[in-house]
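The lines below spell out each chain.
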Amino acid sequence: MRVVLLGPPGAGKGTQAGRLADRLGAALISTGDIFRRSADEGTELGRVAEGYMSRGELVPDDVVVAMVVEALEGAGQGFVLDGFPRNIAQAEALERRLEELGLPLDLVLAILIDDDEVVRRIAGRRVCLSCQTPYHVETAPPTREGVCDACGGRVVQRDDDREEVVRRRLEVYHASTKPLIDFYAERGVLREVEGFGPQEEVAARVDEAVGHASSTAGRG
Ligand code: AMP
């Protein structure tokens, strides 16, 4: 199956995308993860992406599209795209490329949560600098403030999780990414899933939508 996951930052897309790719035996292509890894490794791509990411802005389309086209080469027939496309231009570029490959999308899943919940989730997020264990100030704080339970490392807030950056990421989502919901609804591949509640409940809703799409795939 070929699936795109859409949704605002903090909707849990990354978690659901990883789980879904495992379950479907499909390749996972997460543009945010590729950028973060490239930035950590100090590659040219990482240096380009870093500034945009820390401000909550989108990396330029030509850079992202080239990266995704390359990732699709290695992906085979099934994939889950997380974080791409982010605007209409990217969606059109993807559509053209998949048409050339003869691999149309089966399903676009939009995970929906409201802005206040996004800010609450992301602005409270913390991570260990040494071992990357994730924490949340409200729902999963470390036993000692600022100290990792797992390794004793320093627990900090990621730059792009600061509240002002989260608010900017949300503005970008509403202006650029949300119009993709109509774009894909018009193509008949959209399903919307509520993103509130624990991850397992969201996962059950995702599975239900995927099951429905796979049972109707090829009928129309
Ligand atoms: P994410 O983890 O998907 O929220 O992505 C983190 C950051 O990477 C975003 O805020 C953007 O700066 C950048 N990014 C990820 N995917 C894209 C994309 N498809 N287009 C432009 N920028 C992106």
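You'll find the structure just up there.
Please read these numbers as outputs of a predicted model, since none were measured by experiment.

**Some details on the overall build of the protein**
Phase 1: Looking only at helices and strands, the protein has 9 helices and 8 strands in total.
Phase 2: Expected size for 220 residues packed as a compact globule is a radius of gyration near 17 Å; at 18 Å, the protein falls within 12% of this value.
Phase 3: With respect to the principal axes defined by its C-alpha atoms, the protein has extents near 55 × 40 × 30 Å.
Phase 4: Split by element, the accessible area of the protein, about 11300 Å² in all, is 48% carbon and sulfur.
Phase 5: In the protein, 27 side chains carry a positive charge and 38 a negative one; their mean positions are 2 Å apart.

**Overview of the packing of helix 7 (residues 163-177) against helix 8 (residues 179-186)**
Phase 1: Where helix 7 meets helix 8, the axes come as close as 5 Å, and the angle between the chain directions of the two elements is 30°. Of the residues in helix 8, those in contact with Tyr173, His174, Ala175, Ser176 and Thr177 of helix 7 are Pro179, Leu180 and Ile181.

**Looking at the state of the cysteines**
Phase 1: Considering all chains together, one arrives at 0 disulfides under this definition.
Phase 2: No disulfide involves Cys128; its nearest neighbouring cysteine sulfur is the one of Cys151, lying 3.6 Å away.
Phase 3: Exposure remark for Cys128: the relative accessible area of 0% places this residue in the buried category.
Phase 4: Judged by its relative accessible area of 41%, Cys151 is partly exposed.

**Some points on the packing of aromatic side chains**
Phase 1: This model, assessed by the stated rule, comprises 1 aromatic pair.
Phase 2: Plain terms: the ring middles of Phe183 and Tyr184 are 5.0 Å apart, the flat faces sit at 85° to each other, and that makes the pair edge-to-face.
Phase 3: For Phe183, a relative accessible area of 6% corresponds to the buried category.
Phase 4: Exposure remark for Tyr184: the relative accessible area of 3% places this residue in the buried category.
Phase 5: Here the basic side chain of Arg55 rests over the ring of Tyr52, its NZ or CZ set 5.3 Å away from the ring centre.
Phase 6: Above the plane of the ring of Phe196 lies Arg205, whose end atom (NZ or CZ) is 4.4 Å from the centre.

Rules of the game
- Residues numbered from 1 in each chain as written.
- Predicted model: local features only at pLDDT ≥ 70, side-chain atom pairs only at ≥ 80, totals over all residues.
- Heavy atoms only, no water.
- Helix = DSSP H or I, 4+ residues; strand = E, 2+ residues; numbered from the N terminus.
- Rg over C-alpha atoms; globule rule 2.2 N^0.38 Å.
- Areas by Shrake-Rupley, 256 points an atom, 1.4 Å probe, with all protein chains shown as cover.
- Lys, Arg positive; Asp, Glu negative; His and termini not counted.
- Charge placed at Lys NZ, Arg CZ, Asp CG, Glu CD.
- Axes fitted to C-alpha atoms, helices over the stretch in contact; angles between N-to-C directions.
- Contact = heavy atoms within 4.5 Å.
- Disulfide = S-S within 2.5 Å.
- Buried < 20%, exposed > 50% of the residue type's maximum accessible area, 1.4 Å probe, protein only.
- Phe/Tyr/Trp six-rings, centres within 6.5 Å; stacked < 30°, edge-to-face > 60°.
- Lys NZ or Arg CZ within 6 Å of the ring centre and 35° of its normal.

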